[in-house]
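# Per-entry structural report
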Amino acid sequence: MSKANESNQSWGGRFSEGPDQLLQSFSASVSFDKRLFFHDIRGSKAHARMLARVGVLTEDECSQIIRGLDDILIEIERGQFAWLDELEDVHMNIEARLTERIGNVGKKLHTGRSRNDQVATDIRLLLRDEIDGLQAELERFRAALIDLAEREADTIMPGFTHMQVAQPVTFGHHMLAWQEMLTRDTARLGDCRKRINVLPLGSAALAGTTFPIDREFVAAELGFDGVTENSLDAVSDRDFAIEFSAAASLIMTHLSRMSEELILWMSPAFGFIDLPDRYCTGSSIMPQKKNPDVAELVRGKTARVTGHLMALLTLMKGQPLAYNRDNQEDKEPLFDTLDTLRDCLRLYADMTPHITVHAQACRRAAAQGFATATDLADYLVRAGVAFRDAHEIVGKAVGHAVEKQCDLADLPLAELHQFSDAIQADVFDVLTLDGSVAARNHVGGTAPEQVRAACTRARNRLGER
Ligand code: ARG
């Protein structure tokens, strides 16, 4: 009989023929789920130790299995492992190879478990480790932003609303706004990690197992905080992956917003920043071009990560309890999310320390667009004018300056005085950009002094997860 007609060695007992060729490749997941090999072996070793502890395996059988799994790990790491589609997935590939290496004892490893609780365990282990790595990258990026914020605490740039010049802010303050987004992102991942770090193994196929298992022992071996409460839920729900994917989408959304600003700022029309050549690319036709491709690609890759979130939500929505094969489709979106997110964070963490800020261009842009108009209104309020009246007065003064094509600060005192008696010579102190930012001197405000204090606080929070 040819290989194709043989029934599957792991579940073929009740079958009289092998799977259809197309079904075999359609059903196989090993090409992508082999990525779980390390965690699959780790989980299997803990399971074997537990089986020996409760007397289902002898100590000798357990040692043979552990040694066999360790050898397989080495084979895989050296690229010497032959992954076979006909063995469907990472779990059956490793188990079949174990039996090939150590003989019939290998067939005992799967006692008291199912691929259903096995795969749920593997994904949780992998996600947990990946989150630790992602949080480290987030912290590296945040540290770079804090350093940049401190460096540019006094640099004045326009703050925008509706993409129109609104009020002057400091470049450092702007960087710390990004840093805040990433601080919440770090915490969100940490929160999601708590719900990931619970052991499903022991749920077996869906109802639990008849063997006297010790789930707490396995949980402790694998560093889980506890065990899942319900076997039906534990083998079927992927809400932890969806939650992670949602947190990842939010991080990408934040990175995308930052990218959009970097792209604008690097355009000669703004000229606020420059990025190192090694993070930019040229044009094959326009010799002068230096394009901020990292930022554009990060903005673009946000689409696929958000798309993966939609895929996972949709994958889950129609599934009855308990495990369904649909869930095999969770891996590619999840793995691609992990890879995309890690690369984006790494690139930004690497690139940020090398952002050059053109302080003069930033200041020039802030000096256009009447960025200190609100300061003039506040000045009038301090002189006893009601805010709504002050708003009207300043609006008229701005209209006048627009006609004269100059800034408010360029209008002579006599002309300003026409709009309100309350305007005196000291008005020019509040009409300056430096006066404007320095005056916003409270926690959360843009004053350089506050930015420096906020940098210190932000740095102190870097280890928090
Ligand atoms: N490859 C499967 C998955 O990713 C493993 C579990 C398969 N279970 C089953 N009974 N076919 O979900």
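Residues numbered from 1 in each chain as written. Predicted model: local features only at pLDDT ≥ 70, side-chain atom pairs only at ≥ 80, totals over all residues. Heavy atoms only, no water.

## Brief notes about empty space enclosed by the protein
Scanning the entire structure with this criterion turns up two cavities of 30 Å³ or more. Considered as a void within the structure, the largest cavity measures approximately 40 Å³ in volume. For the largest cavity, the full set of lining residues is His47, Met50, Gly112, Leu199, Leu201, Gly202, Ile213, Arg215 and Val218. At the level of secondary structure, the elements contributing two or more residues to the lining of the largest cavity comprise α3 (37-53) and α8 (215-222). Looking at the lining of the largest cavity residue by residue, the classes come out as five nonpolar, three polar and one charged. (1 Å grid on protein atoms, 1.4 Å probe; cavity = no way out; pocket = protein on both sides within 12 Å on 5 of 7 lines; lining within 4 Å. Points joined across faces, edges and corners; volume = space filled by probe spheres on them. Helix = DSSP H or I, 4+ residues; strand = E, 2+ residues; numbered from the N terminus. Nonpolar A, V, L, I, M, F, W, Y, C, P; charged D, E, K, R; others polar.)

## Some details on the nonpolar core
One finds Phe244 and Leu255 to be the most contacted residues of the largest nonpolar core, which totals 99 residues. Of the residues forming this core, the biggest block, 14 residues, is contributed by helix α10 (residues 239-266). Beyond its immediate stretch of four places on either side in the chain, phenylalanine 244 contacts Leu127, Ile131, Leu134, Leu189, Cys192, Leu334, Thr337 and Leu338. In this structure, Val398, Ala401, Leu411 and Leu416 belong to the second largest nonpolar core, which totals 21 residues. (Core = buried A, V, L, I, M, F, W, Y, C linked by side-chain atoms within 4.5 Å. Buried < 20%, exposed > 50% of the residue type's maximum accessible area, 1.4 Å probe, protein only. Contact = heavy atoms within 4.5 Å.)

## Description of the pattern of salt bridges
For side chains of opposite charge, pairing can occur when their charged atoms come near one another. Tallied over the full model, the rule gives 39 salt bridges. Among the salt bridges present, the one from glutamate 243 reaches arginine 195, with a minimum N-O distance of 2.5 Å. In this pair, glutamate 243 sits in helix α10 while arginine 195 sits in helix α7 (residues 171-196), placing the two residues 48 residues apart along the sequence. Take glutamate 243: its relative accessible area is 25%, and that puts it in the partly exposed class. In the salt-bridge network here, residues are joined through shared partners; they are Asp71, Glu75, Arg97, Glu100 and Arg101. (Salt bridge = Lys/Arg side-chain N within 4 Å of Asp/Glu carboxyl O.)

## Details of the packing of aromatic side chains
For any pair of aromatic rings, the description rests on two quantities: the centre-to-centre distance and the angle between the ring planes. Per the stated rule, a full pass over the model turns up eight aromatic pairs. With centroids separated by 5.6 Å and ring planes inclined at 20 degrees, the aromatic side chains of phenylalanine 141 and tyrosine 348 adopt a geometry described as stacked. Taken as a pair, phenylalanine 141 in helix α6 (residues 115-151) and tyrosine 348 in helix α12 (residues 331-351) lie far apart in primary sequence, 207 residues in all. Aromatic side chains tryptophan 265 and phenylalanine 272 sit 6.3 Å apart centroid to centroid with 40 degrees between the ring planes, which places their arrangement in the tilted category. Relative accessible area serves as the criterion here: at 1%, phenylalanine 272 is assigned to the buried category. (Phe/Tyr/Trp six-rings, centres within 6.5 Å; stacked < 30°, edge-to-face > 60°.)

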